[in-house]
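Survey of secondary and tertiary structure
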There are 2 protein chains.
Amino acid sequence: MLRNDYPGQVCSIARSLEVIGERWTLLIVRDVMNGRRRFDELQKGLGVARNVLSARLQRLIEEDILERRAYQQGPERYEYFLTEKGLDLWPALVALLHWGDRHSPSPEGPPMLIVHKGCGGAVSDRGICESCGKLLHARDARPVPGPGLKSAIGNADAVAAR
Amino acid sequence: MLRNDYPGQVCSIARSLEVIGERWTLLIVRDVMNGRRRFDELQKGLGVARNVLSARLQRLIEEDILERRAYQQGPERYEYFLTEKGLDLWPALVALLHWGDRHSPSPEGPPMLIVHKGCGGAVSDRGICESCGKLLHARDARPVPGPGLKSAIGNADAVAAR
DNA sequence: CGATGAGAGTTGCGTCAAGCAACCCAGCCC
DNA sequence: GGGCTGGGTTGCTTGACGCAACTCTCATCG
């Protein structure tokens, strides 16, 4: 996306997309949610241009979706973390993940699954545990590599399963 | 967004965003879901350039998210409808709507609310009716103008409440 | 009969963001 | 002192987006 104002739109969807609708932004959020925290790690994993990644991270910090913290002095090195606002994007990401899985399935099955940390059950498109029925939030779940990822092993750019 | 391939990404979120992550695309889907079906109606409502709208609609039809049907002969005139695949984007849109309402609230309150057609209850961020507890789908709900829209009345571009 | 208008686009041009590669800087490692 | 690592910044090129004008078909008005 280019300029991300949608003039004349009085709608929370439009306002949300102003922030997170830019190319790469939601993928950055997804990666940080999955435990990628450092610039180079994000850059290599996504294949995004470094200047674009830099711009997106700054925007996400301004919008209070990410936080930057130094993890060492000496040469200062930083890690990025999601704020509560960022973590709250989890239901939207889960919905998109399930939509992709349902309507453009990869032959091998979904490349990534989300499971409930508590009981290990699969998480539905609404972020509900299919095993125990609880309504989950970002911290209650974790991603696990699915059957579709196996076909990508050997592909160096594939998401490093973590 | 520009080119919407995310090379080397083996992830359903990335694949979803290849299709619906382009600028305007999700807003077009939202508008069609809310009953806007015609080219000019969409163009005026969104303020998007006509060539861009044309390109997006074609892409959405190729991807089987929208369907185009002639509603009159003579000069052929068309309407756009969501397919099942398109309707299945509803949970993601609801999640984004709620995220926007929670984290960048407009002072007047949310401009749009979603209610359960069956019982009139408010719909949660997970697409669940807060009144009767049912898990809803696109066809079970409808948008109603919220308190935040009143401040925009007189603004000709405001979403025509329908 | 000519003019006007609606609906649904297409064409052409200029601009500005994305992509790419190269560069920078500070510290540590050998 | 040459290279490596982490975290960026700079500069150039390309191509998507925004805007305005144009097209085409039929309907309606005076």
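Residues numbered from 1 in each chain as written. Chains lettered and ligands numbered in written order. Predicted model: local features only at pLDDT ≥ 70, side-chain atom pairs only at ≥ 80, totals over all residues. Heavy atoms only, no water.

Turning to the pairing of strand 3 (residues 112-116) of chain A, a few remarks are in order. Residue and element names in this part refer to chain A. Extensive coverage of strand 3 is indicated by the burial of 4 of its 5 residues. For strand 3 and strand 4 (residues 141-145), the ladder comprises 5 bridges, and the chain directions are antiparallel. Bridge pairing links M112 to P145 in strand 4. (Buried < 20%, exposed > 50% of the residue type's maximum accessible area, 1.4 Å probe, protein only. Helix = DSSP H or I, 4+ residues; strand = E, 2+ residues; numbered from the N terminus. Pairing = 2+ DSSP bridges.)

Close to DNA strand D lie 25 residues; R68, R77 and Y80 of chain A together with N51 and R56 of chain B are nearest. Backbone atoms, meaning sugar and phosphate, form 65% of the atoms of DNA strand D found within 4 Å of the protein. In the model, a phosphate oxygen of DNA strand D is placed 2.9 Å from a nitrogen or oxygen of the Y78 of chain A main chain. R77 of chain B is positioned such that a nitrogen or oxygen atom in its side chain is 3.5 Å from a base oxygen of DNA strand D. For the surface near DNA strand D, the secondary structure elements donating two or more residues are helix 3 (39-46), helix 4 (50-62), strand 1 (66-72) and strand 2 (77-82) of chain A together with helix 4 (50-62) of chain B. Ranked by the residues each element gives to the surface near DNA strand D, the list is headed by helix 4 of chain A, at 4 residues. Looking at the surface near DNA strand D, its residues break down into 11 nonpolar, 5 polar and 9 charged. (Near = heavy atom within 4 Å. Polar contact = N/O pair within 3.5 Å; in protein donor to acceptor, adjacent residues only side chain to side chain. Nonpolar A, V, L, I, M, F, W, Y, C, P; charged D, E, K, R; others polar.)

Turning our attention to the pattern of salt bridges. A side chain with one charge may pair with a side chain of the opposite charge, provided their charged atoms come close. All names here are of chain A. Within the structure shown, the criterion is met by 25 salt bridges over all chains. Between R69 and E67 there is a salt bridge whose closest N-O contact spans 3.3 Å. R139 is the partner of E84 in a salt bridge, and the nearest nitrogen-oxygen pair spans 2.1 Å. Placement of the pair is E84 in helix 5 (residues 84-87) and R139 in the loop between strand 3 and strand 4, with a sequence separation of 55 residues. One connected set of salt bridges, linked through shared partners, spans E22, R56, R59 and E63. (Salt bridge = Lys/Arg side-chain N within 4 Å of Asp/Glu carboxyl O.)

Before going further, it helps to examine the packing of aromatic side chains. Enumeration according to the criterion identifies 0 aromatic pairs over all chains in this entry. Looking at R38 of chain A, its charged tip hangs above the ring of Y71 of chain A, at a distance of 3.8 Å from the centre. (Phe/Tyr/Trp six-rings, centres within 6.5 Å; stacked < 30°, edge-to-face > 60°. Lys NZ or Arg CZ within 6 Å of the ring centre and 35° of its normal.)

Moving on: the nonpolar core. Of all hydrophobic cores here, the largest spans 78 residues; its most connected members are I65 of chain A together with I65 of chain B. Those residues in contact with I65 of chain A that lie beyond four places of it in its chain are V19, I20, V29, L60, F81, L82, T83, K85, G86 and L89 of chain A together with W99 of chain B. (Core = buried A, V, L, I, M, F, W, Y, C linked by side-chain atoms within 4.5 Å. Contact = heavy atoms within 4.5 Å.)

Within helix 1 (residues 12-20) of chain B, 7 of the 9 residues are buried, leaving the element largely enclosed by the surrounding structure. Taken together, the buried positions of helix 1 of chain B are occupied by S12, I13, A14, S16, L17, V19 and I20 of chain B. Next to the buried residues of helix 1 of chain B lie helix 2 (25-33) and helix 6 (90-103) of chain A together with helix 2 (25-33) and helix 4 of chain B.

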